[in-house]
Amino acid sequence: MAFTMRAVKVPPNSASLEEARHRVFDFFRQACRSIPSVMEIYNLGDVVTPSQLRSSIAKEIRKNQSVTNPKVIDMLLFKGLEELNNITEHAKQRHHIIGQYVVGQKGLVQDIDKNPGSSDFLKKFYTSNYI
């Protein structure tokens with residue numbers, strides 16, 4: 001597996017909370033601009049829309065909105081940039097992206113209501129095997 005590893009540049013530490021906040025907004029813009037290429041690389045058009053991916057990115061960023069230490073924000077930004085780099089360099093597989101950013105914490109949402117024993121065959125099967 002040979003692919004060129006782009007160096008993730010470590011930016012200097014943010015001097016203030018305001019500077020760290022601006023870096024978060026820049027990262028969000030960068031992530032949103034990479035959505036069309038990610039959708040093409042991982043063939044996600046049949047699973048998710050770009051706006052859903054954008055809201056998933058925003059949700060991930062909002063998880064840490066209570067952090068006020070600029071050094072911690074810089075560390076989180078570095079982790080986010082590394083994740084974005086891994087995704088755009090195709091270091092992940094399609095099911096990783098779908099599981100982490102499309103399905104998320106909710107799990108799969110099924111449209112079909114599974115009711116065990118709803119068919120005659122299953123009712124006979126359950127009564128014959130579990131008496």
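Residues numbered from 1 in each chain as written. Predicted model: local features only at pLDDT ≥ 70, side-chain atom pairs only at ≥ 80, totals over all residues. Heavy atoms only, no water.

- Taking an unreviewed UniProt entry as the reference, the chain is identified by name as NADH dehydrogenase [ubiquinone] 1 alpha subcomplex subunit 6 belonging to Zizania palustris.
- One UniProt comment on the chain, placed under Sequence similarities (unreviewed entry), says "Belongs to the complex I LYR family."
- Recorded in UniProt under Subcellular location (unreviewed entry), the annotation for the chain is "Mitochondrion inner membrane". (UniProt positions renumbered as here; feature names shortened; annotations may be inferred.)

### So, unusual backbone geometry
- Unlike most non-glycine residues, asparagine 43 shows phi in positive territory, near 55°.
- Within the secondary structure, asparagine 43 is located in the loop between α2 (35–41) and α3 (50–62).
- Located in the positive-phi region is histidine 90, a residue other than glycine, with phi close to 60°.
- Within the element layout of this structure, histidine 90 appears in the loop between α4 (70–88) and α5 (94–103). (Helix = DSSP H or I, 4+ residues; strand = E, 2+ residues; numbered from the N terminus.)

### Overview of the environment of threonine 68
- Assignment of secondary structure puts threonine 68 in the loop between α3 and α4.
- Note: C-alpha distance between threonine 68 and glutamate 18 (50 residues apart in sequence) is 10.0 Å.

### Some points on the nonpolar core
- Of all hydrophobic cores here, the largest spans 19 residues; its most connected members are Met39, Tyr42, Leu44, Leu53, Ile87 and Ile97.
- Elements supplying a minimum of two residues to this core: α1 (17–33), α2, α3, α4 and α5.
- When sequence neighbours within four positions are dropped, the list of residues in contact with isoleucine 97 reads Tyr42, Leu44, Ile87, Lys92 and Val102. (Core = buried A, V, L, I, M, F, W, Y, C linked by side-chain atoms within 4.5 Å. Buried < 20%, exposed > 50% of the residue type's maximum accessible area, 1.4 Å probe, protein only. Contact = heavy atoms within 4.5 Å.)

### Observations regarding α3
- Between the first and last C-alpha of α3 there are 18 Å, a value that for 13 residues agrees with the 18 Å anticipated at 1.5 Å per step.
- Turning to α3, its buried residues are Leu53, Ser56, Ile57 and Ala58.
- Where the residues of α3 are buried, they touch α1, α2 and α5. (Expected span 1.5 Å × (residues − 1).)

### Focus: α1
- The end-to-end C-alpha distance of α1, which contains 17 residues, comes to 24 Å, matching closely the 24 Å that a straight helix rising 1.5 Å per residue would cover.
- Among the residues of α1, Ala20, Arg23, Val24, Phe27, Ala31 and Cys32 are the ones counted as buried.
- Summarising the contacts, the buried residues of α1 are in contact with α2, α3 and α4.

### Considerations on the environment of glutamine 65
- Turning to its location among the elements, glutamine 65 is positioned in the loop between α3 and α4.
- What makes glutamine 65 exposed here is its relative accessible area of 64%.
- For the pair glutamine 65 and arginine 21, spaced 44 residues apart in sequence, the C-alpha separation works out to 9.9 Å.

### Some thoughts on the packing of α1 against α3
- Following both chains from N to C, one finds α1 and α3 inclined at 155°, their axes separated by 10 Å at the closest point. Between α1 and α3, the angle falls in the class roughly antiparallel. Regarding α1 and α3, the two cross each other, and that crossing is right-handed. Note on element contacts: α3 touches α1 through Arg54, Ile57, Ala58 and Ile61, opposite Val24, Phe27, Phe28, Ala31 and Cys32. (Axes fitted to C-alpha atoms, helices over the stretch in contact; angles between N-to-C directions. Parallel < 35°, antiparallel > 145°, perpendicular 65-115°, else oblique. Left-handed = near helix turned anticlockwise from the far one by under 90°.)

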